[in-house]
Amino acid sequence: MRNVISSAGVLMVFVVLLVGCGETEERPSESVSTVEQTSAPEPTVAEGDVAEADVAEADVAETEEITPLVVEISAHVSLRSDRRLMVEGESNLPDGTQIRIIVEREISRVRWQARTQVEDGVFTAGPFGSGSGLPDGGYDVRVEVSEGSVQPKAVQARIGHEGQHLAGELVSQSRHGLGQVATYSRRFLVGSEPRRTRDQVEVLESPGR
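Residues numbered from 1 in each chain as written. Predicted model: local features only at pLDDT ≥ 70, side-chain atom pairs only at ≥ 80, totals over all residues. Heavy atoms only, no water.

### Quick look at the overall build of the chain
Next up, step 1: A tally of helices and strands in the chain yields three helices and 11 strands.
Next up, step 2: Listing each helix as α and each strand as β along the chain from the N terminus yields α-α-β-β-β-β-β-β-β-α-β-β-β-β.
Next up, step 3: Counting every position in the chain, which comprises 209 residues, the buried fraction comes to 31%.
Next up, step 4: A fraction of 59% describes how many contacts in the chain between residues 6 or more apart in sequence connect residues 24 or more apart.
Next up, step 5: When the accessible surface of the chain is summed, it comes to about 13,900 Å², and 54% of that surface belongs to carbon and sulfur atoms. (Helix = DSSP H or I, 4+ residues; strand = E, 2+ residues; numbered from the N terminus. Buried < 20%, exposed > 50% of the residue type's maximum accessible area, 1.4 Å probe, protein only. Contact = heavy atoms within 4.5 Å. Areas by Shrake-Rupley, 256 points an atom, 1.4 Å probe, with all protein chains shown as cover.)

Set out below in structure tokens:
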């Protein structure tokens, strides 16, 4: 009987030791769990602020990438057999850019004008003049780029809504306060015996003379 009691006592002591060891082994896992919770990421609000800042910086960078467009325009005039004028030219302005071409007689200030646009780097307009043709004398031809606000959206994306991305010697402020515009001009003479001048101008004669 004593042997049975002793065996039972030893068994109970052994069970108690096992339970104690089990509790001791499980405690480190609780500590690890606590550490993991402490190192959790920052609240999502802070992440949202960072994202908005990144978007703002991207917008600024995109704006800075638009380089100024140094405007280049050249025009050539030709006199038809009916003594009316044709104007052809070239430009580095975007396709679809709206321009106005004006031909003005120096003495009378009578003018003729037409609207056209740049396509594939070229433009053309005319004929200019009355039915009887242009009288002999001096003339001015001007190519005026319309304000950015009236240009097509694709053109505005390059030159700016107020033409702020235009640059170069041909660029100036609009007389109507609508931003920057570009203007090209040249002088030419019509007639086989034009008046004397020291200016370097192109002399146009009617075909067949």
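Continuing now.
### Remarks on unusual backbone geometry
Next up, step 1: In this structure, the amide linkage connecting Gly126 to the following residue, Pro127, adopts the cis form with an omega of 5 degrees.
Next up, step 2: Here Pro127 shows up in strand E6 (residues 122–128).
Next up, step 3: One non-glycine residue, Arg83, lies in positive phi territory at about 65 degrees.
Next up, step 4: Note that Arg83 resides in the loop between strand E2 (73–79) and strand E3 (85–91).
Next up, step 5: For Arg83, a relative accessible area of 14% puts it in the buried group.
Next up, step 6: The phi angle at Asp120 is positive, at roughly 55 degrees, despite the residue not being glycine.
Next up, step 7: In this fold, Asp120 is placed in the loop between strand E5 (111–117) and E6.

### Looking at the sheet that holds E2
Next up, step 1: Taking strand neighbours across the sheet as the criterion, the three strands line up as E2-E3-E6 in an open arrangement whose pairing is antiparallel. Strand pairing shows two members of the sheet lacking a second neighbour, E2 and E6, which therefore form its edges. Here the average twist between neighbouring strands, direction ignored, is 15 degrees.
Next up, step 2: Where E3 lies against E6, five bridges are found, and the strand directions are antiparallel. Its bridge partner being in E6, Gly89 is matched across the sheet by Phe123. (Pairing = 2+ DSSP bridges. Axes fitted to C-alpha atoms, helices over the stretch in contact; angles between N-to-C directions.)

### Section: the pattern of salt bridges
Next up, step 1: This structure, assessed with the given rule, holds seven salt bridges.
Next up, step 2: Across the salt bridge formed by Glu104 and Arg109, the nearest N and O atoms sit 2.7 Å from each other.
Next up, step 3: Residue Glu104 pairs with Arg111 through a salt bridge whose shortest N-O separation is 2.7 Å.
Next up, step 4: Residue class for Arg111 comes out partly exposed when judged on its relative accessible area of 42%.
Next up, step 5: Shared partners join several salt bridges into a network, and the residues in it are Arg100, Arg142 and Glu144. (Salt bridge = Lys/Arg side-chain N within 4 Å of Asp/Glu carboxyl O.)

### Describing the pairing of strand E7 (residues 137–145)
Next up, step 1: With eight of nine residues buried, E7 lies mostly within the body of the structure.
Next up, step 2: The pairing of strand E4 (residues 98–105) with E7 spans seven bridges and is classified as antiparallel. Its bridge partner being in E7, Ile99 is matched across the sheet by Val145.
Next up, step 3: Bridge count between E7 and strand E10 (residues 180–190): eight bridges; the pairing is antiparallel. The residue of E10 that forms the bridge with Gly137 is Val190.

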